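Remarks on the overall topology
Each chain, written out:
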Amino acid sequence: MSGQQWESETQYWLGVIGYAVGYGNVWRFPYFLFTYGGPAFMLPYILSLVFLGIPVFLIENSIGQMMGHPVSVFRKIHPKFRGIGVSGMILAILICQYYVVLLAWTLIFLVNSFQSPLPWSEPKGGNPWNEDYFEDEVLMTSENISETGSVHPHLVLALIFSWVLVYLCIWKGVKGAGKILYVTAPAPYVILFCLFLRGITLEGAGKGLEFMVSTELENFFSLTPWRMAGNQVLFSLGMGANAMVLFAAYREKTQRLVRSSIILPIINSCTSLLACATIYTFIGHISSEENLDIEELPLDGPKLAFIAYPISLALMPGNNFWAVAFFAMLLMLGLDSEFALVEAFVSFLEEEKLTKLRREYSAAVVCAAGCLFGLVFTVDSGQYVLYLFDRYTSSISVFLIVLLEVVVVVWIYGVQNLSEEVHKHTGEEFPEWMKRIMKYVTPVICGLLFVMALVSEFLEPPEDFPWWAVLLGWLITFTTLFPLVYFAVFGKEEEKQEVEMKSPESNEAQNNPEEQKEEMQDIEI
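Below is a short write-up of the structure. Small disclaimer: the values here were computed from a predicted structure and weren't measured.

Reading the values: the criteria
- Residues numbered from 1 in each chain as written.
- Predicted model: local features only at pLDDT ≥ 70, side-chain atom pairs only at ≥ 80, totals over all residues.
- Heavy atoms only, no water.
- Helix = DSSP H or I, 4+ residues; strand = E, 2+ residues; numbered from the N terminus.
- Buried < 20%, exposed > 50% of the residue type's maximum accessible area, 1.4 Å probe, protein only.
- Contact = heavy atoms within 4.5 Å.
- Areas by Shrake-Rupley, 256 points an atom, 1.4 Å probe, with all protein chains shown as cover.
- Salt bridge = Lys/Arg side-chain N within 4 Å of Asp/Glu carboxyl O.
- Phe/Tyr/Trp six-rings, centres within 6.5 Å; stacked < 30°, edge-to-face > 60°.
- Lys NZ or Arg CZ within 6 Å of the ring centre and 35° of its normal.
- Polar contact = N/O pair within 3.5 Å; in protein donor to acceptor, adjacent residues only side chain to side chain.
- Axes fitted to C-alpha atoms, helices over the stretch in contact; angles between N-to-C directions.
- Parallel < 35°, antiparallel > 145°, perpendicular 65-115°, else oblique.
- Left-handed = near helix turned anticlockwise from the far one by under 90°.
- Nonpolar A, V, L, I, M, F, W, Y, C, P; charged D, E, K, R; others polar.
- Core = buried A, V, L, I, M, F, W, Y, C linked by side-chain atoms within 4.5 Å.

Looking only at helices and strands, the chain has 22 helices and 0 strands in total. In terms of principal-axis extent, the alpha carbons of the chain reach across some 80 × 50 × 45 Å. Here the chain holds 525 residues, and the buried ones make up 60% of them. In the chain, the share of contacts with a sequence separation of at least 24, taken over all contacts with a separation of at least 6, comes to 84%. Accessible area of the chain: about 20800 Å², with a carbon and sulfur share of 63%.

Put into structure tokens, the structure is as follows:
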């Protein structure tokens, strides 16, 4: 490791919460409930959290804290498994490429929230609001992905400023980021709770909450909600993208981790429920005020955050204040998740000795390169490109990487070995019921979800996208998963290495030959 470490346990908790809680909690989760109905989605979601999310979180937390950097962890188990960590790193950098674009959109709305009246509150097309403001005036979206159009300066400027914010968070490493987290992690909860309290006082709020918990009977018999629930749990927790492993690696090795690995995923899911309840109070208010059915409202994906929320805010007294509060909350949610992913990649470059630059310069190069690549999202067809990135990074790749993580750690390294290593340094052991879930339930669920996602992608490709765009999507998936195949085939046997733990205990181990020998025996296959 590069010697970085959280200054306190509080920073670790704030970092994990900030990374996990993001845009997915604000729109992906509410959208899935809207699409499949509350009960039909919540049942598989809760089961996925218990049998998939928490076990995988505990695995990533444990291997990070006990063994170090996410790429080196799998190399130490066996060189042929190094591809798992590398694929996770590619997944992280691809996700952060489009995630920062959402930050840019948020910045535009935040700046425009200071205008009075709000620019999207102007009547248009017979509606008392401008529903097309997001796509026509912010994104200037074309009819399809084939109509590339031109680069839009306001989107470029917002993108540059977003990357500058990310750089300011990571240029000093985790110590600098840890201080920022004292503001950016808890503040969104304060704002979200205030929005919820305001929402439940609005006329029609009950109608929205009632819709949130309703469902169609046939949804209970569909496999799609189960696949989407598993996807939401893993993607929202950031599993498979290395950042969670890295954050654990920045902890003291003696910190207790089993309890936190259960509590933190639950906090993340409760945040999703709070965000969902908040948006549905506003949706109910819009429906009541304008005498519209909830099904008629724009609730598809990002439209929840950038159309439905702004519309509801525009209808409220003091709408400028609430709009500024909401988009400031979105900005902090997105920033915490984004800098965690970029931090993971910069740390990877340092750990693998792929750069000789000082941290502030290597971080600047990564952010500048990301900004240049992000220009592809600032053209007329940028929204469609973002959709491809989101679709082809958040499903098949995540399921397969997590599946291999679980199999390698639990079955090859050994869940009992990992539990004993944790007990050796923290005094905790994995509960027996958790070990059984890790060994027999979690891998089966991951495998089934991967197969379901693969079949679904072949049978139901993106609608209204040309063949070359679908091929581009598969190329994104292939780019992520290629290291798995490469290192499995060409990975060479290396000399047994000492498992380097985080400082200061790694230095103590180097001076203790008996401890080195014992640790090597622990990781032998």
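Note that the residue after S116, namely P117, is joined by a cis bond; omega there is 0°. Its place among the elements puts P117 in the loop between helix 5 (82-112) and helix 6 (133-138). Its identity as a non-glycine residue notwithstanding, M140 has a phi of 55°, on the positive side. Take M140: it is sitting in the loop between helix 6 and helix 7 (153-170). Unlike most non-glycine residues, K353 shows phi in positive territory, near 55°. As for its placement among the helices and strands, K353 is situated in the loop between helix 15 (319-351) and helix 16 (359-373).

Moving on: the pattern of salt bridges. Throughout the structure, instances matching the rule amount to 11 salt bridges. For R251, the salt bridge identified is with E9, shortest N-O distance 2.1 Å. With R251 in the loop between helix 12 (243-249) and helix 13 (258-290) and E9 in helix 1 (residues 9-20), this pair connects stretches of sequence that are 242 residues apart. Since its relative accessible area comes to 23%, E9 is described here as partly exposed. In this structure, a network of salt bridges that share partners links the residues R75, R82 and E352.

The subject of this paragraph is the packing of aromatic side chains. The tally for this structure, following the rule as stated, stands at 43 aromatic pairs. Ring geometry for Y486 against F487: centres 5.2 Å apart, planes inclined by 90°, an arrangement best described as edge-to-face. Positioned over the ring face of Y12 is R251, at 4.0 Å from the centre of the ring. Sitting above the plane of the W411 ring, K439 keeps its charged end 4.8 Å from the centroid.

As for its position among the elements, T271 is in helix 13. In this structure T271 comes out as buried when scored by relative accessible area, which is 6%. Polar contacts involving the side chain of T271 include one to the side chain of Y189, which spans 2.6 Å. Residues in contact with T271, not counting those within four places in the same chain, are V21, N25, Y189 and L192.

Right, let's get into the packing of helix 1 against helix 13. Interhelical geometry of helix 1 versus helix 13 gives an angle of 40° and a closest axis separation of 10 Å. Overall, the two elements helix 1 and helix 13 adopt an arrangement that is oblique. Crossing of helix 1 over helix 13 shows right-handed handedness. Contacts between helix 1 and helix 13 involve Y12, W13, V16, I17 and A20 from the first element and S260, I263, L264, I267 and N268 from the second. Looking at the contact of helix 1 with helix 13 residue by residue, the classes come out as 8 nonpolar, 2 polar and no charged.

Moving on, we come to the nonpolar core. Core analysis: the biggest nonpolar cluster contains 174 residues, and F41, W105, W163, V342 and F430 have the highest contact counts within it. Top contributing element to this core by residue count: helix 5, with 21 residues. W163 has contacts with C96, Q97, V100, E338, V342, C367, G370 and C371, leaving out every residue within four places of it along the chain.

So yeah, pure geometry; function would need other evidence.
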